[in-house]
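Summary of the model geometry
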Amino acid sequence: MSDAGPDPGEPGAGGARDFLRDEIRRDVESGLDGGRVQTRFPPEPNGYLHIGHAKAICLDFGLAEEFGGSCNLRFDDTNPDAEDTEYVEAIIEDLAWLGFTSARPPLFASDYFGQLAEWAESLIERGLAYVDEQDGETISAQRGGFGRPGIESPHRDRPVGESLELFGRMRRGELADGSCVLRARIDMQSDVMQLRDPVMYRIRHATHHRTGDEWVVYPTYDWAHGQSDAIEGVTHSLCTLEFDSHRPLYDWFLDQLPLPHGRPRQREFARLELTHTVTSKRRLATLVADGVVDGWDDPRLPTLRGLRRRGYPPAAIREFCDFIGVARTNSRHEIELLESFVRRELNATAQRRMVVLRPLLLTITNWPVDDEGSPLVVDVEVPNNPEDPGDGTRSVPCSGRLWIEAEDFMAEPPPRYHRLTPGREVRLRGAFYVTCTGFREEAGRVVEVECTYDPATRGGSAPDGRKVKSTIHWVSVEHAVPVQVALYERLFSAEVPGEATGDPLDDLNPDSRELLDHCRAEPEVAATEPGQVLQFERLGYFAHDPRIPGLFHRTVGLRDEWANIQKRRG
RNA sequence: UGGCGGGUAGUUCAACGGCAGAACGCCUGACUUUGGAUCAGGAGAAUGCAGGUUCGAAUCCUGCCCCGCCAGCCA
C-alpha cells in the first residue's frame, strides 16, 4: 500500500473508493498506458436505455473524467437482425439528457469490420482459426457440458488454405446462412466454456443499419468487442458481471494480435437492479409489446425516456448512481432510495403550486361581497419555493367559494387527524384561517363544507398569535383551471418481480396507474412549460407531459407522515 | 456435475491485521405557514457456518454451506 496517496479532493484521487478506482489509480501511478485512462460505453442499438445503463454510463464517463481521460460512445452493432438507427438516435438523445456527451463523435463496431476480417485471416493463416461446416446444433452438442469436455470438430485440423478459401467464399456471399462459421482454434477441453473454439463469424444475408449489404459475415460479440477496444485505445473496458467468464477469451484474442495502442483490460462490476421493477431489455420489450404499458416512454417504466417523462431530474439519477457505488456483489437496491434522491433534487428546484386532486366545495359564509353582490376576490402572495427565496413569489386569487381536497375534511375524524372537522380552525395556505361551522351531505357523501374566515389572518397568520394544527391547500372555484393527473404506484407489487412463479407478469400491479380527470389547479398552472416539474403542495412532485397540455404525471409523492400513521394503525 | 465470482444492520455500501461505521428506511423529540423541508437523538450486526494462524481476524489459511454467472451462429 502506498502511503504517498493522492490528495483527497483531487478529482479521482480521494473521496470515492472502490475496487475499480483502486485499480485504475494503481494503473495510473505505475505508468501503465502512459498514465492514460480511456473507457467506452458500448450499447447495442437494439433497444432503449434504462436505469441500469445509467449506472454503467456514470461509471464509464465518470471514471474517465475523474482520471483526466475520456469515454467513447461506441455502438456494438455486430448483429444486423435486431439493430436499427432509430435506437442509435434514441440512445444518443437519452445519453445527452442524462448529462453526458462523448469527446469523440459516436463510434461503431461496424466501422472496424474491415480490420476485424483482416485479423481473422491472420489467425487462420497461423492455424488459430478454422471454418467449421457443421450446423449449429452439432457444434453446440460437441461443446460438451460443465465437467464434461467437448469434442473436436472434424474440420478443426483442416489445411489452412482450405479455411482461407472457405472464409473467402463466406465473405463473398457464396454460402448460405448457417452453412458454416469461422471458429477460433483454442481448447475443447477447457473448463472455460468460452474457450471451446468459440464462433468468430457467422453468415447473415441481412441489411445492416450502417453497412447495408456490404457484409455478409458478421463478427460475434467476443470477436468484436476487445478488438474494438484495442483499435480505439481503450485502457479500461468496464462491463457487467456476466461477462466475467468471457475475460479469458477477451485476453486470448488480444494475445494473438498486433495491438495499435496498449492492451485494454476488461473489468466487471455488478449490474444495477431495483426492487419492484425489471431492468432487462427483453422484459421491458415484452411490457411494451403486450400493451401492459403505453410505450417505451411510459412513466412507469425504468427506461430513461420513461423516467424523463415521469419527471425524474437527470441530476438525481446521476447522484443516485454515484451514491450506490460499485461492487462485484449482485445487489438489488430499494427503489425508495432512488426516489429519495429525486425528492431531494426536486425539493430544491421545483416551484410550488396548489392543485386539488379530488375537489370538495368549501363555502366561506362570511365572505364579503361588492356593491353588486358579487363575492370579492383577494389576491394573496405566496412564495414559489420556500426552499429558494430567490425564486420569487406569485399571486393566487382567493374568494368565497373554494375547492379543497376531499380528504382534508372529515365529519368524524379519527385520533390525530389535524385537518378540517366541525368546529376546528385550520389555515388555508398563504391566505386565511377558516373555522368549520357545518357541512352538507347528499346520499351519505359530504358535498359541501361551510366555514367562516377571520379577515385579520390574511397572509396566514393571526395577529393574536393563535396557532392552528394544520394548513391545507385550496383553489378558488371561480379561477380554477382543470387539469388531468396520473397517479402512479409500483408497476410490480412484488419486490422481486417473478420471484415466486418465474414470470414477472404474475406480479403486475393492476392499479399501477390512476387517472384523475377532475382536478382543479390555481391559474398559474396553466403557464407550465411542457416537461416542467412542479410540486403540488402537500401532495408531491408532478411533471407536465411533454406533449399533452394539462396532463401531469406524479413523479413521486412527498413523505407522508399521516399515511404512515394510518398504515401503522392498519 | 467442472470453472469463475460473491456472502458485513431491514436494504445498499465502508472498514484493505488494530474500538464494526455511513446512507436510505424505521422509532423519539425539536422546529415549521406543506403531517413537506430542516435539526437533534435512538433502536438495529456475534461480519454465511466450523476450525486454524496471530497479542489481536470481517480482513490471512483450511473445509463446508448458500447465492449468481458460464454449455447462442445474442450482447
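Notes on the structure in this doc start here. What you see is a predicted model; the values in this text were computed from it and never measured.

What counts and what doesn't
Residues numbered from 1 in each chain as written. Chains lettered and ligands numbered in written order. Predicted model: local features only at pLDDT ≥ 70, side-chain atom pairs only at ≥ 80, totals over all residues. Heavy atoms only, no water. 1 Å grid on protein atoms, 1.4 Å probe; cavity = no way out; pocket = protein on both sides within 12 Å on 5 of 7 lines; lining within 4 Å. Points joined across faces, edges and corners; volume = space filled by probe spheres on them. Helix = DSSP H or I, 4+ residues; strand = E, 2+ residues; numbered from the N terminus. Nonpolar A, V, L, I, M, F, W, Y, C, P; charged D, E, K, R; others polar. Near = heavy atom within 4 Å. Polar contact = N/O pair within 3.5 Å; in protein donor to acceptor, adjacent residues only side chain to side chain. Pairing = 2+ DSSP bridges. Axes fitted to C-alpha atoms, helices over the stretch in contact; angles between N-to-C directions. Contact = heavy atoms within 4.5 Å.

Description of empty space enclosed by the protein
As enumerated under the stated definition, the model contains one cavity of 30 Å³ or more in all. Reported here for the largest cavity is a volume of approximately 90 Å³. Every residue along the wall of the largest cavity is listed here: Arg21, Lys55, Cys58, Leu59, Gly62, Glu66, Cys321, Asp322, Gly325 and Val326. Here the element with the most residues in the lining of the largest cavity is helix α2 (residues 51-66); it accounts for five residues. In terms of residue class, the lining of the largest cavity is made up of four nonpolar, two polar and four charged.

Remarks on the protein's contact with RNA strand B
Around RNA strand B, the surrounding shell holds 69 residues, and the nearest of these are His333, Arg352, Gly459, Gln535 and Arg568. Here, RNA strand B places atoms within 4 Å of the protein, and 59% of those atoms are sugar or phosphate. Tyr221 has a polar backbone atom sitting 2.9 Å from a phosphate oxygen of RNA strand B. Broken down by element, the surface near RNA strand B gets its largest block of residues, five residues, from helix α13 (residues 561-569). Looking at side-chain class alone, the surface near RNA strand B contains 16 nonpolar, 26 polar and 27 charged residues.

Quick look at the sheet that holds strand β5 (residues 181-184)
Each strand in a sheet pairs with its neighbour through backbone hydrogen bonds, running either in the same direction (parallel) or in the opposite one (antiparallel). A sheet is described by the order of its strands in space; here four strands give the open sequence β4-β5-β6-β7, paired in antiparallel fashion. In this open sheet, the two strands that pair with only one neighbour each are β4 (129-132) and β7 (217-219). Mean inter-strand twist for the sheet, computed between neighbouring axes without regard to direction, equals 20 degrees. The sheet strands contacting helix α6 (residues 160-172) are β4, β5, β6 (199-203) and β7, and the helix crosses β4 at an angle near 65 degrees.

Topic: the environment of Met354
Looking at where Met354 falls in the secondary structure, it is placed in the loop between β12 (351-353) and β13 (355-356). Along the chain, Met354 and Thr286 lie 68 residues apart, while their C-alpha atoms are 38 Å from each other. Excluding residues within four positions of it along the chain, Met354 makes contact with Arg394, Val396, Arg429, His473, Trp474, Val475, Arg520, Ala521, Glu522 and Glu537.

All quantities given are derived from atomic positions and should not be read as evidence of function.
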